[in-house]
Amino acid sequence: MLDLAFVRANLALVEQKLRARGADPAALLGDFHSLDQRRREAITRAEQLKARRNELSQQVGALKKSGGDATALMDETRALKDELDSLDAAAGKLDNELHLALASVPNLTRDEVPTGTSEADNATVKTWGEKPQFDFTPKPHWEIGESLGILDLERAAKLSGARFSVLMGAGARLERALISFMLDLHTQKHGYTEVLPPFMVNSKSLYGTGQLPKFAEDLFRCSDADAEATSRGEFKDNDHWLIPTAEVPVTNLYRDEILDEARLPICLTAYTPCFRAEAGAYGKDVRGIIRQHQFQKVELVKFTKPEDSDAEHEKLTRDAEEILEALKLPYRRMLLCTGDTGFSSAKTYDLEVWLPGQGLYREISSCSNFEGFQARRANIRYKPAGKGKTGFVHTINGSGLAVGRTWLAILENYQQADGSVVVPGALKPYMGGIERITKAD
């Protein structure tokens, strides 16, 4: 969430940044100036009335003590109470309207983020690795997986419907190997602390990271969760939603807490399954396992001081890239344009892995600097050494990596003419001696 005082003082800049994202400032903020002014006037008037009420109370006490008649003053005090109750209700309503308006406004992108409307306007920052050359026509992962008997989409559809998969045999082993490999590299080499969080969270957690109330339709909610209540800004402690990413529970570990500066940066990594309704993805990526309702990720999350967040964002992105480099998977780093940057992010790098079976790059990780946007929503602060005033931390996260997309990238990049798939060298210690995945008997 943006800071109210910042929006008030920089309304023209905020509107300019929103238009650069392709958003309509009027639709998001309404008549912000009028709403804010009426709220401030109600608060100011209430404070004046409270001061007058306190003054009258002292006068009533003095009159009663001296034996005088305080009836008129008491009548005025009662009238003030009625007006105060009305003003407090009006101020509360205006405050809620203002809060909901701010909650619907995306983060402001950094100045270095290229202006654009879609992924076509993203900027290539770097390209790594040589694309594999084949003396045969490479196949897409769904053909490879089905022919090897390690990917079963038909039975998954029988179990759960479209956009689900079943991995079998060495395919399941490869998924598990990738999870362990990623966690080991991030904890043992990069210094992250591993976390295993709940896979269901309450509405307050999803609000903290920016999924609610705007993106409720993209989530799976349990029967005790009320999407309509969240749209009104009512967030409960005892309802549940399936997590769309480990970013949500891991970031909210420190919701409503004040962190010591000496602890920063806090670097956490977590494996979780992820659940997404993919409400806006009808007709997209219907083949294979690119876009699933359930998939697995290893997530990276950092809490940093504001002055360190740029450097920590670069480090986190490099940590994710090292997974691809260790697996020798060609990739490129893209700086997302304003129109393609996520709601809560100020700056995002996408890592896109090369898929020879499809002849294109596909996103495998998004690494974002949210600055203080999520911390303000989740009330995550830190106390700078030697200062009495607290400030909001900056939060950063990224996939390190999306496991299913890494799985399919291995199938497409390491496929052989005979239909088998060579296991990358970095994964061999995790595969129980399997060096090549072949069709099971």
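Since the structure is predicted, the reported quantities are computational estimates derived from the model, not experimental observations.

Engineer: Where do I start with the overall build of the protein chain in this structure?
Structural biologist: A count of helices and strands for the protein chain gives 14 helices and 17 strands. Along the longest, intermediate and shortest principal axes, the C-alpha atoms of the protein chain span 105 × 45 × 40 Å. A burial count over the protein chain gives 49% of its 441 residues as buried.

Engineer: Is there a simple way to think about the packing of helix α4 (residues 32–66) against helix α5 (residues 71–103) in this case?
Structural biologist: In helix packing, the relevant descriptors are the interaxial angle and the interaxial distance, both defined with respect to the helix axes. The interhelical angle for the contact between α4 and α5, taken along N-to-C directions, is 155°, at an axis separation of 8 Å. Considered as vectors, α4 and α5 are oriented roughly antiparallel to each other. Crossing of α4 over α5 shows left-handed handedness. For the contact of α4 with α5, a count of residues per class yields 18 nonpolar, 2 polar and 13 charged.

Engineer: I keep staring at the pairing of strand β11 (residues 347–355) and nothing clicks. Help me out?
Structural biologist: Where a strand is regular, its side chains alternate between the two sheet faces. Along β11, 9 of the 9 residues are buried, which leaves the element largely enclosed by surrounding structure. Because side chains alternate across β11, one face comprises the buried residues Lys-347, Tyr-349, Leu-351, Val-353 and Leu-355, and the other comprises Thr-348, Asp-350, Glu-352 and Trp-354, equally buried. Both strand β10 (residues 331–335) and β11 contribute to a ladder of 5 bridges, which runs antiparallel. Looking at the pairing, Leu-335 lines up with Tyr-349 of β11. In terms of strand pairing, β11 meets strand β12 (residues 360–371) through 9 bridges, oriented antiparallel. Across the sheet, Leu-355 pairs through a bridge with Leu-360, a residue of β12. Taken together, β11 and the strand that follows it, β12, pair antiparallel across an intervening segment of 4 residues, in which Gly-359 is found at a positive phi of about 70°.

Engineer: Would you mind going over the nonpolar core with me for this structure?
Structural biologist: It is characteristic of soluble globular proteins that their nonpolar side chains tend to be buried jointly. The biggest cluster of nonpolar side chains holds 47 residues, and the ones touching the most others in it are Leu-174, Leu-178, Trp-407, Ile-410 and Leu-427. Mapped onto this core, the elements with two or more residues apiece are α6 (141–148), α8 (170–189), β9 (294–304), α12 (309–326), β11, β12, β15 (394–402) and α14 (403–413). By residue number, the principal contributor to this core is α8, which donates 9 residues. Of all hydrophobic cores here, the second largest spans 30 residues; its members include Leu-35, Leu-102, Leu-206 and Ala-225.

Engineer: Please explain the packing of aromatic side chains as it appears in this structure.
Structural biologist: Note on aromatic pairs: each is described by the distance of the centres and the angle between the planes. Taken as a whole, this structure holds 8 aromatic pairs when the rule is applied. Measuring from centroid to centroid gives 5.2 Å for Phe-134 and Phe-136, while their planes differ by 65°, and the two rings are edge-to-face. You can call Phe-134 partly exposed: its relative accessible area is 22%. Note on Phe-136: relative accessible area 24%, which makes it partly exposed. Taken together, a centroid distance of 5.2 Å and an interplanar angle of 65° make the contact between Trp-354 and Tyr-361 edge-to-face. An aromatic cluster is defined as three or more aromatic residues linked by ring pairs; in this entry it consists of Phe-215, Phe-343 and Phe-373. Geometry around Tyr-349 places Arg-333 over its ring, the cationic atom sitting 4.6 Å from the centre. One Lys or Arg, Arg-377, reaches over the ring of Tyr-207 and ends 4.2 Å from the middle of that ring.

Engineer: Any chance you could explain α6 here in plain terms?
Structural biologist: In an α-helix, one turn spans 3.6 residues, which is why side chains three or four residues apart end up on the same side. Looking at α6, one finds that the buried residues are His-141, Trp-142, Ile-144, Gly-145 and Leu-148. Along the axis of α6, the buried residues cluster in a sector spanning 165°; they form a single face. Gly-149 sits one or two positions beyond α6 and adopts a positive phi of about 75°.

Engineer: How should I be thinking about the pattern of salt bridges in this particular structure?
Structural biologist: Evaluated as defined, the whole model comprises 28 salt bridges. A salt bridge links Lys-17 to Asp-111; the shortest N-O distance between them is 2.7 Å. Of this pair, Lys-17 sits in helix α2 (residues 11–20) while Asp-111 sits in the loop between α5 and β1 (123–128), and the two are 94 residues apart along the sequence. Of the charged contacts, one joins Asp-237 and Lys-204 as a salt bridge, the two residues approaching to 3.3 Å between their closest N and O atoms. Of this pair, Asp-237 sits in the loop between α10 (227–231) and β6 (241–242) while Lys-204 sits in helix α9 (residues 203–209), and the two are 33 residues apart along the sequence.

Engineer: Please clarify how the sheet that holds strand β7 (residues 257–260) should be interpreted in this entry.
Structural biologist: Paired through backbone hydrogen bonds, the strands of a sheet run either parallel or antiparallel to each other. Pairing is mixed across the open sheet formed by 3 strands, whose spatial order is β7-β13-β14. Of all the strands in the sheet, the pair left with one neighbour each is β7 and β14 (391–392). Relative to strand β13 (residues 380–383), β7 runs parallel, the two sharing 4 bridges. In the strand pairing of β13, Ile-258 is matched with Arg-381.

Engineer: I keep staring at unusual backbone geometry and nothing clicks. Help me out?
Structural biologist: Glycine aside, a negative phi is what most residues show, and trans is what most peptide bonds show. Following Leu-212, the chain continues to Pro-213 via a peptide bond in cis, the omega torsion being 5°. Note that Pro-213 resides in the loop between α9 and α10. Cis geometry is found at the peptide bond from Gly-400 to Leu-401, where omega equals 20°. Within the element layout of this structure, Leu-401 appears in strand β15. If you check the backbone angles, Arg-163 has positive phi at about 65° while not being a glycine. Mapped onto the elements of the fold, Arg-163 is located in the loop between α7 (153–160) and β3 (166–167). Backbone geometry places Asn-379, a non-glycine residue, at a positive phi of 55°. Take Asn-379: it is sitting in the loop between α13 (373–378) and β13.

Parameters at a glance
Residues numbered from 1 in each chain as written. Predicted model: local features only at pLDDT ≥ 70, side-chain atom pairs only at ≥ 80, totals over all residues. Heavy atoms only, no water. Helix = DSSP H or I, 4+ residues; strand = E, 2+ residues; numbered from the N terminus. Buried < 20%, exposed > 50% of the residue type's maximum accessible area, 1.4 Å probe, protein only. Axes fitted to C-alpha atoms, helices over the stretch in contact; angles between N-to-C directions. Parallel < 35°, antiparallel > 145°, perpendicular 65-115°, else oblique. Left-handed = near helix turned anticlockwise from the far one by under 90°. Nonpolar A, V, L, I, M, F, W, Y, C, P; charged D, E, K, R; others polar. Pairing = 2+ DSSP bridges. Core = buried A, V, L, I, M, F, W, Y, C linked by side-chain atoms within 4.5 Å. Phe/Tyr/Trp six-rings, centres within 6.5 Å; stacked < 30°, edge-to-face > 60°. Lys NZ or Arg CZ within 6 Å of the ring centre and 35° of its normal. Arc of directions from axis to C-beta. Salt bridge = Lys/Arg side-chain N within 4 Å of Asp/Glu carboxyl O.

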